[in-house]
Amino acid sequence: MKFHISRQMIYILSLSVVFLIVVFVFAFAVLIPMGKEYRVARMETKKVAYHVDLIQSEYDKVYNKLKNLKADNRHVIGAYTTIFNADRFTKVHAQHFESFSLSELTTPVQEGDFATYEVNTSTLINSPQGFYDFLDAVNKSDNIVSVNFPIHFERDANLIKSSFTMHVYAANQQENNTSQE
Amino acid sequence: MRNSFIKPRVKTLISPEFKLLFFFFSITLGMLLTSYAFLKIKAVMYETNIAELQAKGESLKTDIISMNGEIAFIEIEKQHAEGVYTSNTVLKESIHNLFDLVPQKITLSKADLKEDELVLYGVTPSKEVYEFLLLAPLRSIFHRSYTSYYAMDNGWYSFVSKNYLDRELAVK
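Sequence order sets the numbering: in each chain, residues are counted from 1 along the sequence as written. Both sets of labels track the order of writing: A upward for chains, 1 upward for ligands. Where totals are concerned, whole chains, interfaces and linings use all residues; where local detail is concerned, this predicted model gives features only for residues with pLDDT of at least 70, and gives and counts side-chain atom pairs only at 80 or more.

### Considerations on the confidence of the model for chain B
All names here are of chain B. We apply this condition: pLDDT is a residue-level measure of predictor confidence that goes from 0 to 100. Helix and strand assignments come from DSSP, with helices taken as H or I runs of at least 4 residues and strands as E runs of at least 2, each series counted from the N terminus.
The predicted model of chain B has a mean per-residue pLDDT of 88, with 96% of residues at 70 or higher. Between the elements of chain B, mean pLDDT differs from a low of 60, seen in helix α3 (residues 167-171), to a high of 92, seen in helix α1 (residues 16-101). For this predicted complex, the interface confidence reaches an ipTM of 0.80, while the overall pTM sits at 0.77.

Below is the structure:
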């Protein structure tokens, strides 16, 4: 039996072989490395996303902690940033005394994270109860104020004259605001 | 005049077999290029996504550090405020106790309170009254107590009582 292959068939076969080679070369040289790159990128994305999720959950935890801490200590935080107003302080606490006067605030002294202002106080009281009430009220005032030694009590007719020093504490950032003002 | 009995065949540059072959070649090439484009675009998208996620992670980390700083500072403020409030309350209790200590028979005219020192000025009907009713409790609180008496015209005594706390002994 005679097998005859036409010239056209040879062309077609040759072209098909060339094309097959091109396809293989393209697949192995370009497509497969690109697929690998894609797979690596996908894996990397998942890894980074997991890592970011962990950071996000840590962020949420810290954020909630800060939020709760701020809510629980609203008064304390506000008290450290409120600028001491001697007139307001006198107005609020004068009710415990017959007479109540404050000296000017001194220049602040840095004590770690806080600036401390000193203010001298002179009062006249009917009975020590006024002084006790003042010490209770001072813990609820707009600023963080401590009453310090020395404390001097002296009888003055039917009243008691007292003088003492108070320390007003402010967070250091307040100092910057005050100096700017 | 016709030299052939058949109708001449129209000759084209590319035969139908080649056309079919090129059609399949183009489809195959198209699929390959589409796959390549798909992979390339997806890889670029993932890389962009990674960069965005990394930037977000860094920003979250910075925020966490800043919030932790804020938390630490609030804790310090809270602790400091509690210390101040406690010291005011302790001061109130100390003064309360001091005034409760003074018996009805003794009248104080002046009191100086310092950190480790208490000086009382007053009037007592007799030295014994002072010693039994005021000096005894003062001695139980302070490490050293010194009293000076001054006789008055009405037979009473004015006194100056100096009381000291020794810090070293207090620590022990």
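The discussion continues.
### Some thoughts on the nonpolar core
As a reminder, the rule being used: Note on definitions: a nonpolar core is a set of buried residues drawn from Ala, Val, Leu, Ile, Met, Phe, Trp, Tyr and Cys, linked by C-beta atoms within 7 Å. To assign burial, the other C-beta atoms lying within 10 Å of each residue's own C-beta are counted, with C-beta atoms placed from the backbone; 20 or more indicates buried, 12 or fewer indicates exposed, and intermediate counts indicate partly exposed. Whether two residues are in contact is decided by their C-beta atoms, placed from the backbone, lying within 7 Å.
In terms of nonpolar packing, the biggest core is built from 30 residues, with Tyr80, Phe114, Ile144, Val145, Val168, Tyr169 and Ala170 of chain A touching the most fellow members. Of all elements in the fold, only α2 (74-81), β3 (114-125), α4 (128-138), β4 (144-156) and β5 (159-171) of chain A together with α1 of chain B reach the threshold of two or more residues within this core. The biggest single contributor to this core is β5 of chain A, with 6 residues. With near-sequence residues (within four places) excluded, Val168 of chain A lies in contact with Phe84, Leu105, Tyr117, Val119, Asn143 and Val145 of chain A.

### A word on unusual backbone geometry
All names here are of chain A. The amide bond that connects Phe149 to the next residue, Pro150, takes the cis arrangement and shows omega of -5°. One can find Pro150 in strand β4. Look at Ala157: it is not a glycine, yet its phi comes out positive at around 55°. Tracing the chain through its elements places Ala157 in the loop between β4 and β5.

### Digging into the pairing of strand β4 (residues 157-164) of chain B
All names here are of chain B. Basically, it comes down to this: Whether two strands pair comes down to DSSP finding at least two bridges between them.
Of the strand pairs in this sheet, strand β2 (residues 117-124) and β4 are connected by 8 bridges, and their pairing is antiparallel. Residue pairing in the sheet places Thr124 in a bridge with Tyr157 of β4. Hairpin connection, strand β3 (residues 144-151) to β4: the antiparallel pair is bridged by 5 residues, and Gly155 has positive phi, about 90°.

### Considerations on the pairing of β5 of chain A
Residues and elements named next belong to chain A. Of the pairings in the sheet, the one linking β3 to β5 comprises 12 bridges and is antiparallel in character. Directly across from Thr116, in β5, lies its bridge partner Tyr169. Where β4 and β5 come together, 10 bridges link them in antiparallel fashion. By the bridge assignment, Ser146 is partnered in β5 with His167. Counted along the chain from β4 to the antiparallel partner β5, the turn is 2 residues long, and its residue Ala157 has a positive phi close to 55°.

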